[in-house]
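The lines below spell out each chain.
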Amino acid sequence: MSSKITPNIVSPPKKIKVGILGATGTVGQRFITLLSDHPWFIIEALGASERSKGKRYREAVKWKQTIPLGGLGLGGIGTSETEKISSTDLRSDDRRVGDLIVKGCIPEEFKACQLVFSGLDADVAGDIESAFRSANISLFSNAKNYRRDPHVPLVVPLVNPSHFSIIPQQQRLHSPSLSKGFIVTNANCSTTGYVIPLAALEKAFGPIESVLVTTMQAISGAGYPGVPSLDILGNVVPYIGGEEEKIEWETLKILGGITDSETEFDKNGVPLKTFDMHQAGGRPALRVSASCNRVPVVDGHMECVSLRFHRRPPPSPQQVREALSAFTPEVQTLGCPSAPRKAIEVFEEPDRPQPRLDVKGTHNGAGVSVGRVRQCQVLDIKFVVLSDNVSIGAATSSIINAEYAVLKGVVS
Ligand SMILES: NC(=O)C1=CN([C@@H]2O[C@H](COP(=O)(O)OP(=O)(O)OC[C@H]3O[C@@H](n4cnc5c(N)ncnc54)[C@H](OP(=O)(O)O)[C@@H]3O)[C@@H](O)[C@H]2O)C=CC1
Ligand SMILES: N[C@@H](CC(=O)OP(=O)(O)O)C(=O)O
């Protein structure tokens with residue numbers, strides 16, 4: 001595993017106790033590696049299924065990360081020597097993550113946590129996550145269950161953290177007497193990877209009208225043990241259930257806006273049952289067509305993207321490269337410690353990025369890599385984007401979302 005990101009904050013807030021639901025899974029394990037040396041967050045509680053409940057974490061988990069589990073601490077390491085000492089005092093027992101006893105995923109077991117991350121299997125995430133919200137716990141989820149909910153923000157932290165402003169409306173509806181209970185979701189891993197360059201291009205050149213995206217998705221996207229080896233070795237599977245639809249509508253919600261009253265997403269954002277892709281909701285309509293493939297790669301989703309801008313004439317490939325490279329998301333300037341120092345790494349080499357060489361990039365999988373920016377003879381521009389599906393595609397996004405919420409006072 002590559003080196004950790006150096007925190008880029010000046011004055012961190014006080015230490016915050018966090019829980020992880022689905023802690024034994026692929027995404028849960030990535031949460032643990034990322035949080036074990038987080039400056040603010042301290043792992044307080046881990047939850048998983050009845051199969052794992054009551055066991056020490058190291059006995060419950062099939063650990064598949066490249067960092068050994070044995071040495072991982074509970075996080076809250078601070079950014080200075082003084083803080084490291086005080087955070088060790090706070091964790092008076094100074095245990096390792098592997099020592100923690102796995103709990104059941106019920107809110108009573110997570111009462112001491114100020115916020116909870118979820119890497120739960122989508123089959124069970126719906127009821128469990130809403131129980132946490134009702135119990136006045138702030139929840140940051142990777143599961144798909146609440147992404148379409150018109151009062152739940154679907155936040156790719158490098159793109160649309162402004163959508164956190166829908167949270168008071170969600171609380172009014174679901175927990176009017178409670179101040180902390182809410183759900184924030186992050187997006188599907190393929191959506192996340194390619195919507196970051198799309199957002200950068202919209203920021204520089206205005207609305208995009210049409211996008212064609214073809215994915216080559218890693219096996220780790222299917223969790224553990226995932227796709228049978230006999231299906232994927234030396235093969236490509238041209239179907240991932242539900243994935244194309246998710247990419248197509250999630251992109252609209254993420255790049256869309258919230259109405260001025262901050263009570264709902266606008267027409268471009270809400271995947272309403274009656275949603276009409278041709279109807280403009282504050283911006284020209286965006287059409288997206290996705291084709292998804294599972295490929296024999298362990299980590300890293302690669303996506304070939306072609307797009308057309310609303311603006312005529314469109315920008316040149318060189319202008320696009322410069323805009324992508326210059327993209328600076330709010331979470332970066334605000335000082336979220338897990339935000340990449342560079343959101344989009346642009347490659348000039350004709351054969352990069354590649355999953356095996358570039359999936360971690362220079363930012364521990366928190367940014368994305370773009371290459372082969374060139375003219376498209378059918379639309380305007382085409383390029384390839386590579387993202388770490390388990391980091392920025394999942395756990396890292398949730399963590400940056402939570403950091404943003406802390407810095408904005410949404411979680412305290
Ligand atoms: N892998 C990826 O790249 C991405 C995944 N996601 C989403 O994140 C979530 C987790 O994915 P992933 O880590 O790959 O999945 P895994 O199958 O690897 O892990 C699932 C987790 O859910 C727990 N779990 C299963 N059933 C229950 C239950 N009845 N009660 C409580 N906990 C339960 C498992 O615990 P136990 O070990 O005890 O069975 C395990 O910790 C999913 O919703 C997925 O769609 C989102 C983006 C990317
Ligand atoms: N389906 C994605 C991973 C995933 O779990 O997506 P979602 O969170 O949207 O269900 C993949 O296979 O790579």
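Now for a quick tour of the structure. (Residues numbered from 1 in each chain as written. Chains lettered and ligands numbered in written order. Predicted model: local features only at pLDDT ≥ 70, side-chain atom pairs only at ≥ 80, totals over all residues. Heavy atoms only, no water.)

1. What about the site of ligand 1?
Part 1 of the reasoning: Thr24, Ser49, Arg51, Ser52 and Leu120 are the nearest of the 28 residues found near ligand 1.
Part 2 of the reasoning: Measuring from an oxygen atom of ligand 1, one finds a backbone N or O atom of glycine 22 at 3.2 Å.
Part 3 of the reasoning: Here an oxygen atom of ligand 1 sits 3.3 Å away from a polar atom, N or O, in the side chain of asparagine 389.
Part 4 of the reasoning: Contact with the protein chains covers 81% of the free accessible surface of ligand 1, which is 910 Å².
Part 5 of the reasoning: Within the residue set of the shell around ligand 1, elements represented by two or more residues are helix 1 (26-35), helix 4 (122-134) and helix 12 (391-407).
Part 6 of the reasoning: Partitioned by chemical class, the residues of the shell around ligand 1 number 13 nonpolar, 13 polar and 2 charged. (Near = heavy atom within 4 Å. Polar contact = N/O pair within 3.5 Å; in protein donor to acceptor, adjacent residues only side chain to side chain. Areas by Shrake-Rupley, 256 points an atom, 1.4 Å probe, with all protein chains shown as cover. Helix = DSSP H or I, 4+ residues; strand = E, 2+ residues; numbered from the N terminus. Nonpolar A, V, L, I, M, F, W, Y, C, P; charged D, E, K, R; others polar.)

2. Re the environment of valine 406
Part 1 of the reasoning: Secondary-structure assignment places valine 406 in helix 12.
Part 2 of the reasoning: For the pair valine 406 and leucine 115, spaced 291 residues apart in sequence, the C-alpha separation works out to 9.9 Å.

3. Focus on helix 12
Part 1 of the reasoning: Compared with the 24 Å implied by 1.5 Å per residue over 17 residues, the 21 Å span of helix 12 between its first and last C-alpha is markedly short.
Part 2 of the reasoning: Of all bends in helix 12, the biggest is about 45 degrees, found at serine 397.
Part 3 of the reasoning: The element helix 12 is extensively covered by neighbouring structure, given that 16 of its 17 residues are classed as buried.
Part 4 of the reasoning: Immediately beyond the C-terminal end of helix 12, within one or two residues, lies glycine 409, with a positive phi of roughly 80 degrees. (Expected span 1.5 Å × (residues − 1). Bend = angle between axes of the 7 residues up to and from the residue. Buried < 20%, exposed > 50% of the residue type's maximum accessible area, 1.4 Å probe, protein only.)

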